[in-house]
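Architecture and fold: a report
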Amino acid sequence: MLKSFSSTSNMIRKNIKYNILKLLIYILLLSLLGCGEVKHNSESLKKQKPNNIVEENGMVLIRGATYLRGNDKRAGNGDYYPEESPSHKVTVSSFWIDKYEVTNSQFKEFVDATGYVTFAEKALDKKFFTDAPAEQLKPGATVFSPPQEKINPKEKNDPWDWWSYKVGACWKRPEGGNSSIASRMDHPVVCINIDDAKAFAKWKGKRLPTEAEWELAARGGLKQKQFVWGDKANPNDQWLANCFQGIFPNANSASDGYLYTSPVGSFPPNGYGIYDMAGNVWEMCSDFFHPSFYREFVENPHPDPTGPKHPISQIELDHFHRTGTCPTARSKMNKLMFLHVSKGGSFLCHWDYCLRYRPAARNHTESLSPSNHTGFRCARDVDANSTTSKLIIKD
């Protein structure tokens, strides 16, 4: 019995010495690492901070911030997009934005409740569009129509080589003809114009986001990264957005799993928990589009910008592409010709052509030409009287 107790006592003393030795080694390692270890942990916490996501009724709160909007560099493929520069600081107040793009199911609910008829479902009046071909006066939309043969899109740079006006195309029939959304109710609604989007947003008690709001939300807490997830197009050979692979525009290999639109939320969210801020469909913003707006803005910066005061049309934009300058729009221009900002890229954006599934990228949509690669998501102001909002804003 004494022998057993003595043996156990020796074992305990050995364990104590061993544990003390481990503790001394650990302390020594900490002293050698010093502040470097603390700094590393602090940086990790900073990276995690944007993931402190606040959601409410399918919307994500974006805290007010000043960030660097736009881009002065060439895109990853070497192309330069002058409308994205100069990059500049912009301040945006807190707001809510939809976690997902508006779906066919949601838009159908709106139409069923209100009887709303979209622009693409209405015929155009000949007296307002005297030069339009008779076929294009009929209800319809612009639809992606890939050519049979391989072409170089940059050679002619004529989008009508892969787009066509399809009579009967609308949000219920995105490709016209007998196409249907029956199996695509969770896909983003398309073939609508900005008036349709605004009507839906108003019905929901919301609005469209401004371009400045949209880009802040899209960046997800990252600073000056090329994509909403970082700088690599497809890290670890994984596509993180619904875009075009293969040979544009005639041969989409669909390496990302989709030829056209995909169900919302099919790809990982950004740092703010928002889905499809890159690819799938272009998203309309409330701002008028002007390719030189950023140059004008830096001369007169102000918080919560809402875009240019005056609209332009495709006519003025074509002049800008030819000359680098954008003339003043005609005074009696039909409002259906107004261009509005669209952001985020679509399933048609390709690495070699239209590398615009980037947060800084800027495109435009024309009310006159709803298409099957453009949709939207909604935003709304923060209710200052909300208890939750007060706590968030204070935080």
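Some thoughts on the sheet that holds strand β14 (residues 379-381)
- Read across the open sheet, the four strands follow the order β1-β2-β5-β14; overall the sheet is antiparallel. Among the strands making up the open sheet, the edge pair consists of β1 (55-56) and β14.
- Strand direction decides the pairing type here: strand β2 (residues 59-62) and strand β5 (residues 95-98), joined by four bridges, are antiparallel. Looking at the pairing, Met59 lines up with Asp98 of β5.
- Against the sheet, helix α6 (residues 211-219) touches β2, β5 and β14, its axis set at about 70 degrees to β5.

Some words on the nonpolar core
- Membership of the largest hydrophobic core comes to 48 residues, with the highest contact counts inside it found for Ile62, Phe95, Ile274, Met277 and Tyr357.
- For this core, the secondary structure elements donating two or more residues are β2, β4 (88-92), β5, α6, β10 (282-288), α7 (293-297), α8 (314-323) and β11 (339-343).
- In this structure, Trp171, Val189, Ile192 and Phe376 belong to the second largest nonpolar core, which totals 16 residues.

Overview of the confidence of the model for the protein chain
- For the protein chain, the average pLDDT comes to 87, and 85% of its residues sit at 70 or higher.
- Below a pLDDT of 50 lies the segment residues 1-50, which in the model reaches four contacts outside its immediate sequence neighbourhood of four places, other chains included.

Topic: the sheet that holds β11
- In spatial order, the strands read β12-β11-β10-β13; together these four strands make up an open sheet with mixed pairing. Of all strands in the sheet, those bounded by a partner on one side alone are β12 (363-366) and β13 (374-375).

Here's the deal with the environment of Ser262
- By secondary structure assignment, the location of Ser262 is in the loop between β9 (251-252) and β10.
- In the structure, Ser262 is positioned 76 residues away from Asp186 in sequence and 8.2 Å away in space, judged by C-alpha atoms.
- Here Ser262 is in contact with His187, Pro188, Asn242, Phe267 and Asn280, once residues within four sequence places are set aside.
- There is a polar contact of 3.2 Å between the side chain of Ser262 and the side chain of Asn242.

Cut-offs applied
Residues numbered from 1 in each chain as written. Predicted model: local features only at pLDDT ≥ 70, side-chain atom pairs only at ≥ 80, totals over all residues. Heavy atoms only, no water. Pairing = 2+ DSSP bridges. Helix = DSSP H or I, 4+ residues; strand = E, 2+ residues; numbered from the N terminus. Contact = heavy atoms within 4.5 Å. Axes fitted to C-alpha atoms, helices over the stretch in contact; angles between N-to-C directions. Core = buried A, V, L, I, M, F, W, Y, C linked by side-chain atoms within 4.5 Å. Buried < 20%, exposed > 50% of the residue type's maximum accessible area, 1.4 Å probe, protein only. pLDDT = per-residue confidence, 0-100. Polar contact = N/O pair within 3.5 Å; in protein donor to acceptor, adjacent residues only side chain to side chain.

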